[in-house]
Amino acid sequence: MRLSTRSRYATRALLDLAIHANQGPILVREIAEREDISVRYLEQLLLPLKAANLVRAIRGANGGYTLAKPPSEINLREVIQITEGTTAFTECADSPEICPRADTCLLLDTWNKVTQAANDVLESTTLEAL
């Protein structure tokens, strides 16, 4: 599995928010500067994270973004699922019914094991741990 820039940048943005949590709401441009991500792209990444209740947007003069949950409650699997749509190693590991060979496939069990192993690592890795 190769993670897209979307997942990597979203994770970096969330880590930035966790690291700077004691500073109150953080402006998008501050995160963008520190993480070397364009402001426009970062704004697009924050929308699904906000919809998933991982971040909170605060309006006004002292506004910005904060984590909506403690860093100990945000794991990498959740971030990747939000940004990628799935953490499955292959499409058939996610939905065996899409493959007409699933009943006889000699590889499906392996793909499922790889997916589960990756999910175990991602679920056990929180922003706090990072």
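For the structure given in this document, a descriptive report is provided here. Quick caveat: nothing in here was measured; it's all calculated off a predicted structure.

A few words now on the side chain of T90. Counting through the fold element by element, T90 comes out in the loop between α4 (76-84) and α5 (91-94). Side-chain polar atoms of T90 contact the backbone nitrogen of A93, separated by 3.2 Å. With residues up to four places along the chain from it excluded, the contact list for T90 reads W111 and T115.

Its 13 residues give helix α3 (residues 39-51) an end-to-end C-alpha distance of 19 Å, which sits within 8% of 18 Å, the value for a rise of 1.5 Å per residue. Here α3 has its buried residues at L42, L45, L46 and L49. Looking down the long axis of α3, one finds its buried residues gathered within 100° of arc, a one-sided arrangement. Projecting away from the buried face of α3 at angles above 90 degrees are the exposed residues R40, L47 and A51. The inward-facing, buried residues of α3 abut α1 (5-19), α2 (28-35), β1 (55-58), β2 (64-67) and α4. Residue N53 follows α3 closely and has a positive phi angle near 60°.

Rules used in this analysis
- Residues numbered from 1 in each chain as written.
- Predicted model: local features only at pLDDT ≥ 70, side-chain atom pairs only at ≥ 80, totals over all residues.
- Heavy atoms only, no water.
- Helix = DSSP H or I, 4+ residues; strand = E, 2+ residues; numbered from the N terminus.
- Polar contact = N/O pair within 3.5 Å; in protein donor to acceptor, adjacent residues only side chain to side chain.
- Contact = heavy atoms within 4.5 Å.
- Expected span 1.5 Å × (residues − 1).
- Buried < 20%, exposed > 50% of the residue type's maximum accessible area, 1.4 Å probe, protein only.
- Arc of directions from axis to C-beta.

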